[in-house]
Amino acid sequence: MSEPVRLAEYTTSRVGGPAADWIEATSATEAVEAIRALDSSGTPLLVLGGGSNTLMADVGFPGTVVRLAFSGAQVVQEEAGGTTLVRLAAGQDWDEAVAWTVQQGLTGLEALSGIPGSAGATPVQNVGAYGADVSQSLVSVQAWDRVAGELVTLTNEDLRFGYRDSVIKRSLLASDDTTPRWVVLSVDFRLHHTGRTAPVRFAQLARALGVEEGEWAPLETVRHHVLHLRAAKGMVLDAQDQDTWSTGSFFTNPILPASVRAHLPADTPAYGAGQDEDGEKLVKLSAAWLIDRAGFGKGFGLGPDEQAIAGARASLSTKHTLAVTNRGNASTADLLAIARTVRDGVEAQWGVRLHPEPVLVGCLL
Ligand SMILES: Cc1cc2nc3c(=O)[nH]c(=O)nc-3n(C[C@H](O)[C@H](O)[C@H](O)COP(=O)(O)OP(=O)(O)OC[C@H]3O[C@@H](n4cnc5c(N)ncnc54)[C@H](O)[C@@H]3O)c2cc1C
C-alpha cells in the first residue's frame, strides 16, 4: 500500500495530517464521477484546489480528498462592443490565468494578480484585492450540484456574491460538510479590450502607479505594481519566504453598523460598506489595524506554554499582522493558537469579534 498523502504537502500553510484516500481528478468528468460515487457511498469528501484557503487539522482527513488537477484557459467568444468571454478550468492556476489575460490585452482581472490557488475556488469566497473582486467580471460558473446530482450553470446573479462570500461558501458554512454543495468545474469571465489600459480603483495602488484613484494606467504596469505591493506584504507565494506560508489574510475585515465607531478611537480606519436590510449604515473596519492596535504586532508568536515569544514555530507574518504563518515546523494547532489569542485579544480590546477567512477542516478556532 502506498503512503497516505499528507495535506501539509498540498496546502500553502504547509500543515495538515494525512488523507485516508486521495484522488487526482485530471478532467471535469473524472471529478464529477469521483464526487458522485463518494457522495452516494456517504464517504466524507474534501474538494481541494491549491490549498491556499484551507486549514486542515493535524489529525488529517478521514475521507477522500479530490484534488482538481485539470487546467486550461481559453477564449470562448469575441463579443460585439469590445468584450471577450474567457473560460478557465477549475484546477487552472489563478495567477497564470491572470497573466495570460494581461498578455492578451484583456482588462478585468489584473488587480487580482498574485492571488494563489485555483480558478475554480475564486467564486467560492469572491476573491478580491486592490479594489477588485471576481464578481465584477464573472459571468457564470459550470458546476456539479451534489444535492440535485446534476451539472448546472450558475449565473453571477445566482451566486449572490458578497464580501468574501457567495452562495457556494454559504452552502459550506451552513452544513457539517467539508465541501460546498456546488463544485465549480469552470468559470467564465467577460473581459474588456481597453487598449491595454486598466482603471485603478485603490488608493495605495494609485499612489504606487503615480496616478489618481479612478484614473487609468497601462495593464502590464498595473499587474507589475500589484505583484510588487503584494510581495512586500508576503502575499505572493515564495518558498523561500516563510511570511508567505499561510492562508493569506486569516481574518476578514469586519463589516458592522456605523455606530461601532463610537466605541473606537477617532483614527480607526472605517470605510463605507452600504446598508443592512433595515437601512442602517455599515462600515468596514481594517482587521489588520485592530490586531496591531490591540498589541499584536508583526511577528507576534507564542511559545509552547502559549506565552508570547520571538522565534516561535508559528507567528503573525513579519510583514503583515493579518497573516498567521508557519515558520518551518508549525502544526495546525500552533497556527490556531495564534489566531485564537489574536481574535480574543481584539475582542477584549475593541469589542469586535474577528471571523476566520480560510475554511477550517476538522478543526475549530
Ligand atoms: C499568500 C496568500 C495570499 C492570499 N491573498 C488573497 C487575496 O488577496 N484575496 C483573496 O480573496 N484571497 C487571498 N488568499 C486566499 C486564497 O488564495 C483564495 O481564497 C483562493 O481562491 C483559494 O484557492 P484554492 O484553490 O487554493 O482553494 P482551496 O484552499 O483549495 O479551497 C478553499 C475552499 O474552497 C473549496 N473549493 C476549492 N475549489 C473548489 C471548486 N472548484 N468548487 C467548489 N469549492 C471549491 C474547498 O473545498 C475549500 O473549502 C490568499 C492566500 C495566500 C496563501
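Located above this text is the structure these notes cover.
Keep in mind that this is a model prediction, so the values were computed, not measured.

A. Representation of the overall build of the protein chain in the model. From N to C terminus, the protein chain includes eight helices and 22 strands. Here the C-alpha atoms of the protein chain give a radius of gyration of 20 Å, agreeing with the 21 Å that 2.2 N^0.38 yields for 365 residues. Principal axes of the C-alpha set define a box for the protein chain whose edges measure 60 × 50 × 45 Å. Here the protein chain holds 365 residues, and the buried ones make up 51% of them. Once local pairs closer than 6 in sequence are excluded, the contacts in the protein chain between residues at least 24 apart make up 60%. When the accessible surface of the protein chain is split by element, carbon and sulfur atoms take 49% of a total near 16,300 Å².

B. Main features of the sheet that holds strand β2 (residues 45–48). If you trace the three strands from one edge of the open sheet to the other, you get β1-β4-β2, paired in parallel fashion. Taken across any chain shown, the strands that pair with only one partner, and hence form the sheet edges, are β1 (19–25) and β2. The sheet shows a mean angle of 20 degrees between the axes of neighbouring strands, direction not considered. Two strands pair when backbone bridges link them, and β2 and strand β4 (residues 61–68) are joined in this way by four bridges, in the parallel orientation. Bridge pairing links V47 to V66 in β4. The strands that helix α1 (residues 28–40) touches are β1, β2 and β4; relative to β1, the one it contacts most, it runs at about 150 degrees.

C. Representation of the nonpolar core. Within the largest apolar cluster, 44 residues are counted, with the highest numbers of intra-cluster contacts made by W94 and F189. Where this core is concerned, the elements lending two or more residues are β6 (83–89), α2 (94–103), β10 (138–145), β11 (150–155), α4 (167–173), β12 (182–193), α5 (203–209) and α6 (219–232). Counting 35 residues, the second-largest nonpolar core is a separate cluster that includes V15, L336, V352 and C363.

D. Representation of the packing of α2 against α6 within the structure. Where α2 contacts α6, the two axes come as close as 10 Å, and the packing angle between them is 155 degrees. Relative to α6, the element α2 is oriented roughly antiparallel. Of the residues in α6, those in contact with D95, V98, A99 and V102 of α2 are L219, E220 and R223.

E. Just α6, in detail. Helix length check: α6, at 14 residues, gives a terminal C-alpha distance of 20 Å against a target of 20 Å (1.5 Å per residue), a fit within 8%. Looking only at α6, the buried set comprises L219, V222, R223, H225, V226, L229 and R230. Among the residues trailing α6, G234 stands out with phi positive, at a value near 70 degrees.

F. The arrangement of the packing of aromatic side chains in detail. Overall, the coordinates contain six aromatic pairs when judged by the stated rule. Seen in terms of ring centroids, Y10 and W22 are 4.6 Å apart; in terms of plane orientation they differ by 45 degrees. Their pairing is tilted. Note that Y10 is positioned in the segment before β1 and W22 in strand β1, a separation of twelve residues in sequence. For the ring pair Y130 and F202, a centre distance of 5.3 Å and an interplane angle of 80 degrees mean the geometry is edge-to-face. Remark: F202 occurs in the loop between β13 (197–199) and α5 and Y130 occurs in the loop between β8 (128–129) and β9 (132–133); sequence separation between them is 72 residues. If you follow R14 out to its NZ or CZ, it ends over the ring of W245, 3.9 Å from the centre. When the ring centre of Y163 is taken as reference, the NZ or CZ atom of K284 above it lies at 4.1 Å.

G. Seen up close, the site of the ligand. Taken together, 34 residues are adjacent to the ligand, and V47, G49, S52, T54 and S118 come closest. Residue P116 places a main-chain N or O atom 3.0 Å away from an oxygen atom belonging to the ligand. Compared with its free state, where it exposes 990 Å², the ligand has 97% of that area covered by protein. Among the secondary structure elements, those contributing two or more residues to the shell around the ligand are β2, β8 and β12. Looking at the shell around the ligand element by element, the count peaks at three residues for β12.

H. Region of the structure containing the environment of D58. Considering the arrangement of structural elements, one finds D58 in the loop between β3 (54–56) and β4. Since its relative accessible area comes to 37%, D58 is described here as partly exposed. For D58 and L138, which are 80 residues apart along the polypeptide, the C-alpha to C-alpha distance reads 35 Å. Here D58 is in contact with G16, G17, P18, S331, T332 and A333, once residues within four sequence places are set aside.

I. Seen up close, the environment of Q204. Examined against the element boundaries, Q204 turns out to sit in helix α5. Here the alpha-carbon distance between Q204 and Y130, two residues 74 residues apart in the chain, equals 8.1 Å. Among all residues touching Q204, those that are not within four sequence positions of it are Y130, L229 and K233.

J. Here's a closer look at the sheet that holds strand β15 (residues 255–257). On the basis of which strands lie adjacent, the open sheet formed by three strands has the order β15-β17-β16 and antiparallel pairing. Either end of the sheet is taken by a strand with one partner, and the two such strands are β15 and β16 (270–275). Strand-to-strand, the axes of this sheet are offset by a mean angle of 40 degrees, without reference to chain direction. Pairing between β16 and strand β17 (residues 281–285): four bridges, direction antiparallel. Each residue of the ladder has a partner; that of Q275, found in β17, is K281.

Thresholds, definitions, all that
- Residues numbered from 1 in each chain as written.
- Predicted model: local features only at pLDDT ≥ 70, side-chain atom pairs only at ≥ 80, totals over all residues.
- Heavy atoms only, no water.
- Helix = DSSP H or I, 4+ residues; strand = E, 2+ residues; numbered from the N terminus.
- Rg over C-alpha atoms; globule rule 2.2 N^0.38 Å.
- Buried < 20%, exposed > 50% of the residue type's maximum accessible area, 1.4 Å probe, protein only.
- Contact = heavy atoms within 4.5 Å.
- Areas by Shrake-Rupley, 256 points an atom, 1.4 Å probe, with all protein chains shown as cover.
- Pairing = 2+ DSSP bridges.
- Axes fitted to C-alpha atoms, helices over the stretch in contact; angles between N-to-C directions.
- Core = buried A, V, L, I, M, F, W, Y, C linked by side-chain atoms within 4.5 Å.
- Parallel < 35°, antiparallel > 145°, perpendicular 65-115°, else oblique.
- Expected span 1.5 Å × (residues − 1).
- Phe/Tyr/Trp six-rings, centres within 6.5 Å; stacked < 30°, edge-to-face > 60°.
- Lys NZ or Arg CZ within 6 Å of the ring centre and 35° of its normal.
- Near = heavy atom within 4 Å.
- Polar contact = N/O pair within 3.5 Å; in protein donor to acceptor, adjacent residues only side chain to side chain.

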